[in-house]
Amino acid sequence: MADDAQPDEETVQALRDTAGRLRIHSLRATSACRSGHPTSCCSVAEIVAVLFFHTMRFKHAEPRHPDNDRFVLSKGHAAPVLYAVWAELGGLGEADLLHLRSARCDLEGHPTPRLPFVDVATGSLGQGLSAACGMAYTGRYLDRASYRVFCLLGDGEAAEGSVWEALAFASHYLLDNLVAVLDVNRLGQSGPAPLGHCTEAYQGRFEAFGWNTCLVDGHEVAALCQAFWQAARVKHKPTAIVAKTFKGRGIPDIEDAEGWHGKPMPQERAEAVIQLIQSQLQAHRNLLPKPPVEDSPQINITNVKMTSPPEYIVGDKIATQKACYLALDKLGHANERVIVLNGDTVNSTFFEIFKKEHPERFIECFIGEQNMVSVALGCATRDRTIAFASNFAAVFTRAFDQIRMGAISQTSINLIGSHCGVSTGEDGSSQMALEDLAMFRCVPNCTIFYPSDAVSTEHAVYLAANAKGMCFIRTSQPEIAVIYTPQENFEIGQAKVVRCTANDKVTVIGAGVTLHEVLAAADNLSQQGIFIRVIDPFTIKPLDAATIISSAKATGGRVITVEDHYREGGIGEAVSAAVSREPGIIVHQLAVSGVPQSGKPSELLDMFGISARHITAAVKYTLMD
């Protein structure tokens, strides 16, 4: 009778044969599509076989069951071996594998959540461990459940800094439900990895980060079973299993040979290797995973409602940055699965409000923005949390790859960017986000909120919590007046016409601090008998094109946009694109040009041409043109 630590010889042989079949599936799939990474699949075949058919506990008929153990294939190019697992489990047909990488097949070159057994998209290397950290954190501290998280990494991706950010995070939070398996197959894409087969060096690095470690022969099934069994008994530390393997294992003349990364074998040669592997199979026993312990709490993160309407009075002054975190605190009382992640900016972004009220749901990620975004992705998988991750908006550019992979993962996470634009003031240009709208506008299925007062900010937080897909909320530091009543209703993709008369000559669009500059300009112009229509877009993506176009037509086709952002990719270009097919509409853009500098916010708004004075001049110029 087999046990987890020392399975009997029959089980060991069945696992060896399972690994052989995984190699066969991988070779056939990549050969059929003449594309892919069969040698990378072959190096991990035993590891994957032991994990899925011996160690992990999950319901294979319900891949996303909340109690299942989780698996993240960080080295996403080895996707065919993962697909092979699910063919063995009956979740895919063997014939499906032969359509690998084809346009009408969900078996992509790298895993995505189009498949029910994939939680996060991988393939951009160095991100899987951070997502696994988010899953493990959720399991340990929020679900308090028995499920474990396993992440398979390649030695090549260990060069990525985000991997080491994840190692520090996992150790700090004592994630003993997390196991990282490092596939040390020596060879990268272009040549040998820096440390080659020196597994002791990898072990030392993991241990330096506070991890429990184990060296193992990655092709020895019994040793792998023992290593995973021991990992389950380690408390208060994550475990790294450093596995020495050989790329292309089992393929004559290709095993451990350079020059075969990402190269499928020709059909005839592949069939010869498959026959060789088949001749080595001894058992005819199909293994199935053991069921999980079902102890995850039942939760509901849909249709979240605020506990009360906004409590602001028109004319009150409060920064949208502060209003955002007050709203998050309020949302945290409305639903116990609201979590907040932060990158060591608590005292600059008012996050201490949420941290004080909901300490168990505040995750400090320190100065590791790439890791923070991927941890949020992991926390949000299987709809276990409503995740908000916040930092200075400028540093999200550092994590853009993680953000775009979040979109590919079809995730619903919310990113909050503070310190936006030149209105950040004295901190200087390095702290001013002036590219963030452009960055998030090109992310698929991403909603961009740009609230202009405390009331609209609270609505943005509430709407983001209930939205599908990624959301970005742009907030600013200056204290600005509340312009909306608590009863005002806001919707995604619905702009607000803040000022409107029958005599309006120009439509002027502003957001955040610039909306208030537009309103000041409107007051000044009205005293001179010039009336403008003022629009607050609320969401930059999706943009309310209908309201903008109808207003533009009502004001003679004259539109001015004003934004605390660079011209490229910002509000002006979004509006220009929205009206591009409408004849007779001209858009004049006021935006920040050049690299700004330190100064008072009001000075910098004026210096860079987006203050009320410049808006007034632009309106007059437009009317003269």
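Residues numbered from 1 in each chain as written. Predicted model: local features only at pLDDT ≥ 70, side-chain atom pairs only at ≥ 80, totals over all residues. Heavy atoms only, no water.

For the protein, an unreviewed UniProt entry supplies the name transketolase and the organism Carlito syrichta. Quoted verbatim from the Subunit (unreviewed entry) field of the UniProt record, the comment on the protein reads "Homodimer." UniProt lists a comment for the protein under the heading Sequence similarities (unreviewed entry), and it reads "Belongs to the transketolase family." (UniProt positions renumbered as here; feature names shortened; annotations may be inferred.)

A. Examining the overall build of the protein more closely. Looking only at helices and strands, the protein has 22 helices and 19 strands in total. Taken over the C-alpha trace, the protein has a radius of gyration of 28 Å; the compact-globule value for 625 residues is 25 Å, and the two agree within 12%. In terms of overall dimensions, the protein has a C-alpha envelope of 90 × 50 × 40 Å along the principal axes. For the protein, buried positions account for 61% of its 625 residues. (Helix = DSSP H or I, 4+ residues; strand = E, 2+ residues; numbered from the N terminus. Rg over C-alpha atoms; globule rule 2.2 N^0.38 Å. Buried < 20%, exposed > 50% of the residue type's maximum accessible area, 1.4 Å probe, protein only.)

B. Summary view of the sheet that holds strand β4 (residues 212–217). Pairing is parallel across the open sheet formed by five strands, whose spatial order is β1-β2-β3-β5-β4. Each having just a single partner strand, β1 (70–73) and β4 make up the two edges of the open sheet. Each strand axis lies, on average, 20 degrees off the axis of its neighbour in the sheet, ignoring direction. Here six bridges tie strand β3 (residues 178–184) to strand β5 (residues 239–244), and the two strands are oriented parallel to one another. Looking across to β5, one finds that D183 is bridged to A243. (Pairing = 2+ DSSP bridges. Axes fitted to C-alpha atoms, helices over the stretch in contact; angles between N-to-C directions.)

C. Just helix α11 (residues 320–334), in detail. The end-to-end C-alpha distance of α11 is 21 Å, a good match for the 21 Å that 15 residues give at a rise of 1.5 Å each. For α11, the buried fraction is high: 11 of the 15 residues fall into the buried class. Those residues of α11 that sit buried are T320, Q321, A323, C324, Y325, A327, L328, D329, K330, L331 and G332. (Expected span 1.5 Å × (residues − 1).)

D. Up close: unusual backbone geometry. Between K541 and P542 the backbone carries a cis peptide bond, its omega angle lying at 0 degrees. Among the secondary structure elements, P542 is positioned in the loop between β17 (539–541) and α19 (545–554). The backbone phi angle of N303 is positive, close to 50 degrees, even though this residue is not glycine. Tracing the chain through its elements places N303 in the loop between α10 (267–280) and β6 (317–318). Looking at N303, the relative accessible area reads 54%, which means it is exposed. Not every positive phi belongs to a glycine, and R382 is a case in point at roughly 55 degrees. Tracing the chain through its elements places R382 in the loop between α14 (369–380) and β9 (386–392). Given the relative accessible area of 16%, R382 is considered buried.

E. Local environment of the pattern of salt bridges. Inspection of the entire model under this criterion finds 26 salt bridges. Across the pair K59 and E294 runs a salt bridge, and its minimum N-O distance is 2.8 Å. On the criterion of sequence distance, the pair formed by K59 in the loop between α3 (45–55) and β1 and E294 in the loop between α10 and β6 is long-range, its members being 235 residues apart. Classification of K59 by relative accessible area gives partly exposed; the value is 21%. Of the residues examined, E294 reaches a relative accessible area of 52% and is grouped as exposed. Residue R114 pairs with E108 through a salt bridge whose shortest N-O separation is 2.3 Å. (Salt bridge = Lys/Arg side-chain N within 4 Å of Asp/Glu carboxyl O.)

F. Local environment of the side chain of R384. Tracing the sequence through the fold places R384 in the loop between α14 and β9. Among the residues examined, R384 registers a relative accessible area of 5% and is labelled buried. For R384, the residues in contact, after removing those within four places along its chain, are P66, R70, T138, D143, S296, P297, I299, R337 and C379. (Contact = heavy atoms within 4.5 Å.)

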